[in-house]
Amino acid sequence: MKGMIYTTFAILAASLIFFMAALPMTSTVDIDTSEAIRIGEASFYLDSVLEDVERSTGIAVRRGLTGASNYIIGTGEPLDDAEDDLTEAIVNGSINGVELNATENASLGEWGDRVENMTEEAGYRLEMRVSDYSFDSSGFHVETSKQLEARLEDPVTLASFNRSVSVDVDAEVKGVEDPMLLLRSAGRYTTSINYCGFDEPANYLDTGSSHNSPSVLGEAVVEPGSSLEEVEDRNDKILVVEDVDGEDESEVEEFRGVVSYQSADPVDTGYVYGIDDLGIGTGQDLILYGNEVWESNFRQMIFQDCYVPADAPGLMERYENDLTEVNDGMLTFVDVGSLPDALRHEETAVGYKYFPGDGGEELNNIAGVTDRYSWFRLDNEDAERLGVQELVK
């Protein structure tokens with residue numbers, strides 16, 4: 001970076017010298033070349049500082065969120081005011097005056113101190129002032145905005161430069177421990193907030209012309225080739241073919257389920273025949289339920305600890321352990337099967353409602369999913385808002 005800066009200055013200096021040489025000899029213009037170069041260096045230096053503000057703010061936001069989660073882990077208490085406390089974490093690297101370990105050398109205040117010290121070493125004086133700072137969250141993003149006023153003075157040339165810039169940063173919430181699940185489980189269950197990459201746990205695909213009323217969940221294997229014997233873990237797979245009548249029946253029946261685009265003879269496993277070619281891909285999870293075929297993301301949500309957008313507590317609510325449901329909130333499922341026996345109970349698998357497991361809501365089995373994982377349940381509210389009420393058994 002330093003090499004790039006001095007290369008730029010050299011080009012500017014050379015251009016200035018060329019310009020001076022081109023002036024008529026009778027010109028009254030009197031230019032001190034070294035002074036002009038230093039003024040250009042000072043201006044360039046200030047611009048480079050301001051160009052770094054956005055990057056540094058993004059780092060400060062991500063470190064501040066992590067530091068706030070660690071603060072909750074250490075104290076066992078939620079934040080009193082998430083917006084104010086997270087702002088303090090991002091700007092000062094502390095909450096209620098307590099220094100956060102995850103924000104070391106990354107808060108905006110520390111960045112400002114470093115820049116001012118470096119500016120002094122470079123032979124300049126720099127003053128920066130932040131105004132109109134705002135902090136907000138929406139879904140899986142944190143948005144910060146501020147107005148930065150900067151003034152750089154060069155004591156040698158007496159030149160000064162003033163800049164005013166608006167800084168708007170949209171940082172993704174990724175890999176931050178969910179403080180709500182941590183608190184509601186009394187520290188016995190933790191997961192990190194990451195967007196799943198999809199918005200719903202399941203999507204309806206098509207209705208077949210014939211079926212054997214299955215209720216199965218499995219991974220699709222599409223047109224696997226000449227021999228079905230080569231497919232491993234067939235009992236976990238759903239065979240998807242153009243016409244299943246062209247396959248060996250005994251091998252077909254080793255699969256958890258079958259989808260055939262063409263009508264075919266019945267087989268002794270769950271099947272749906274006569275659906276449209278929907279471009280189903282190998283590795284995609286499917287649910288067969290009655291004569292319907294659904295794309296399923298349930299297993300990713302359960303075992304990859306990822307979150308989908310929903311009317312549920314958002315980021316601010318989670319830091320405050322506030323169960324208020326907002327329209328730009330998020331939720332995930334609890335992997336109940338991984339919990340110790342003392343924490344297993346019949347409750348909706350939605351994370352923020354599962355703990356502490358008070359029950360009281362009517363619970364539903366979900367086609368394919370509960371057949372596979374006997375502990376998986378959703379209450380009526382969760383099934384409806386997640387768009388899977390048609391899969392309720």
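Our structure is the block above this text.
Calculation rules
- Residues numbered from 1 in each chain as written.
- Predicted model: local features only at pLDDT ≥ 70, side-chain atom pairs only at ≥ 80, totals over all residues.
- Heavy atoms only, no water.
- Helix = DSSP H or I, 4+ residues; strand = E, 2+ residues; numbered from the N terminus.
- Buried < 20%, exposed > 50% of the residue type's maximum accessible area, 1.4 Å probe, protein only.
- Contact = heavy atoms within 4.5 Å.
- Areas by Shrake-Rupley, 256 points an atom, 1.4 Å probe, with all protein chains shown as cover.
- Lys, Arg positive; Asp, Glu negative; His and termini not counted.
- Charge placed at Lys NZ, Arg CZ, Asp CG, Glu CD.
- Disulfide = S-S within 2.5 Å.
- Pairing = 2+ DSSP bridges.

(A) Highlighting the overall build of the protein chain. Of regular secondary structure, the protein chain possesses 12 helices and 19 strands. With the C-alpha coordinates of the protein chain rotated into their principal frame, the extents come out at 100 × 55 × 30 Å. A burial count over the protein chain gives 46% of its 393 residues as buried. Sequence separation of at least 24 residues holds for 56% of the intrachain contacts in the protein chain that already meet a minimum separation of 6. Carbon and sulfur atoms make up 45% of the accessible area of the protein chain, which amounts to about 19,100 Å² in all. Across the protein chain, the centroid of the 25 positively charged side chains sits 7 Å from that of the 80 negatively charged ones.

(B) Summary view of the state of the cysteines. Inspection of the entire model under this criterion finds 1 disulfide. Two residues, C196 and C306, share a disulfide whose sulfurs are 2.0 Å apart. Given an S-S torsion of about 95°, the disulfide between C196 and C306 has right-handed geometry. With C196 in the loop between β7 (192-193) and β8 (202-207) and C306 in the loop between α8 (298-303) and β16 (308-312), this residue pair connects regions lying 110 residues apart in the sequence. Overall, the relative accessible area of 17% leaves C196 in the buried class. Relative accessible area serves as the criterion here: at 5%, C306 is assigned to the buried category.

(C) Broad picture of the pairing of strand β5 (residues 160-172). Where strand β4 (residues 141-153) meets β5, 13 bridges bridge the pair, whose relative direction is antiparallel. Within β5, the residue paired with E149 across the bridge is S164. Between β4 and the antiparallel strand that follows it, β5, lie 6 residues; L158 among them carries a positive phi value of about 65°.

On their own, these measurements won't tell you what the molecule is for.
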